[in-house]
Amino acid sequence: IVTSLTKSISTWDKLPEVSKSSLIESEKRYRDGQTYDFAPVVVCFAKSIEVLLKQNLFNAFRDACLTGLDVTTQLNFALKDEFSKVHKFVFYINRGQHIEFGGMIFLLRLCNGKTAKKVKLLQVFKDFIENESIFSCFLNTTLLDQCEKLSRYRNAGAHEKYFDRDTATEVRNTTFSILNSL
């Protein structure tokens, strides 16, 4: 399975171990096909992208803010009531508060909008992403649409929804496409 995944995902070596484990588990279950509900497969494929974003992008930015980037002024400014959209991001940077897949996608979308022009913290984050060339693709609207779709599937599969093999195939293909965009 690992050999096949390394051939299918050109960026395999750049992925965090947890993402690789999720991909291996989901691919194993997907290939086995001996399941009535493919929701666990869908959740694991989506998790691989969520972990990649969290560990390799958001955590890296948070670490940079805590160890070198001076963003104190930007963090305080972003806490104004009028910028409530980014409060979770500030709390994540300041306190390590949990940030979920959908929240990460929302913040990446904000980097391309009007809010980023008003909230310097988002512009600093966007610059960080653009300088980390492997992640600049996550500023692309089409790719963010794919991530959002994965997030919706992941949430539904984790909580209430049954998925068939066709949906699992769609999620698998989308996951591979995103990973090959890095």
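As shown above, the structure is provided for reference.
Residues numbered from 1 in each chain as written. Predicted model: local features only at pLDDT ≥ 70, side-chain atom pairs only at ≥ 80, totals over all residues. Heavy atoms only, no water.

Brief notes about the packing of helix 3 (residues 39-67) against helix 6 (residues 101-110)
- Between helix 3 and helix 6, the shortest axis-to-axis distance is 10 Å and the interhelical angle comes to 55°. Classified by the interaxial angle, the pair formed by helix 3 and helix 6 is oblique. Viewed along their axes, helix 3 and helix 6 form a crossing whose handedness is left-handed. In this structure, helix 3 contributes Ala46, Ile49, Glu50, Leu53, Lys54, Leu57 and Phe58 to the contact, and helix 6 contributes Phe101, Met104, Leu107 and Leu108.
- Of the residues belonging to the contact of helix 3 with helix 6, the class tally is 9 nonpolar, no polar and 2 charged. (Axes fitted to C-alpha atoms, helices over the stretch in contact; angles between N-to-C directions. Helix = DSSP H or I, 4+ residues; strand = E, 2+ residues; numbered from the N terminus. Parallel < 35°, antiparallel > 145°, perpendicular 65-115°, else oblique. Left-handed = near helix turned anticlockwise from the far one by under 90°. Contact = heavy atoms within 4.5 Å. Nonpolar A, V, L, I, M, F, W, Y, C, P; charged D, E, K, R; others polar.)

As for helix 3
- For helix 3, which comprises 29 residues, the first-to-last C-alpha distance of 39 Å matches the rise-based estimate of 42 Å (1.5 Å per residue) to within 8%.
- Along its length, helix 3 reaches its greatest deviation from straightness, about 30°, at Asn59. (Expected span 1.5 Å × (residues − 1). Bend = angle between axes of the 7 residues up to and from the residue.)

Describing the nonpolar core
- Counting residues in hydrophobic clusters, the biggest one holds 62 residues, and the most contacted among them are Phe58, Phe89, Leu121 and Phe138.
- Secondary-structure elements contributing two or more residues to this core are helix 2 (17-32), helix 3, helix 4 (72-78), helix 5 (87-95), helix 6, helix 8 (120-131), helix 9 (141-159) and helix 10 (165-180).
- Take this core: its biggest share by element is 13 residues, from helix 3.
- Not counting chain neighbours up to four residues away, the residues in contact with Phe58 comprise Leu53, Phe89, Tyr92, Ile99, Met104, Leu107, Leu108 and Phe125. (Core = buried A, V, L, I, M, F, W, Y, C linked by side-chain atoms within 4.5 Å. Buried < 20%, exposed > 50% of the residue type's maximum accessible area, 1.4 Å probe, protein only.)

Comments concerning the environment of Ala78
- Along the chain, Ala78 falls in helix 4.
- Of the residues examined, Ala78 reaches a relative accessible area of 0% and is grouped as buried.
- In this structure Ala78 touches Phe83, Val86, His87, Val90, Val119 and Leu121, once residues within four positions along its chain are discounted.

Quick look at the packing of aromatic side chains
- In this structure the tally under the stated criterion is 12 aromatic pairs.
- Aromatic pair Phe58 and Phe89: ring centres 6.1 Å apart, planes at 80°, arrangement edge-to-face. Highlighted residues: Phe58 in helix 3 and Phe89 in helix 5, separated in sequence by 31 residues.
- Taken together, the ring pairs connect Phe58, Phe61, Phe89, Tyr92, Phe125 and Phe128 into an aromatic cluster.
- The cationic tip of Arg62 hangs over the ring face of Tyr92; the distance from NZ or CZ to the ring centre is 5.9 Å.
- Here the basic side chain of Arg165 rests over the ring of Tyr30, its NZ or CZ set 4.1 Å away from the ring centre. (Phe/Tyr/Trp six-rings, centres within 6.5 Å; stacked < 30°, edge-to-face > 60°. Lys NZ or Arg CZ within 6 Å of the ring centre and 35° of its normal.)

Here we look at the packing of helix 3 against helix 10
- Here helix 3 crosses helix 10 at 20°, and the two axes come no closer than 9 Å. As judged from the angle between their axes, helix 3 and helix 10 are roughly parallel. Helix 3 and helix 10 meet at a crossing whose hand is left-handed. When helix 3 is examined against helix 10, the residues Val41, Val42, Phe45, Ala46, Ser48, Ile49 and Leu52 are found in contact with a partner set consisting of Ala168, Val171, Arg172, Thr175, Phe176, Ile178 and Leu179.
- Tallied by class, the residues present in the contact of helix 3 with helix 10 amount to 11 nonpolar, 2 polar and 1 charged.

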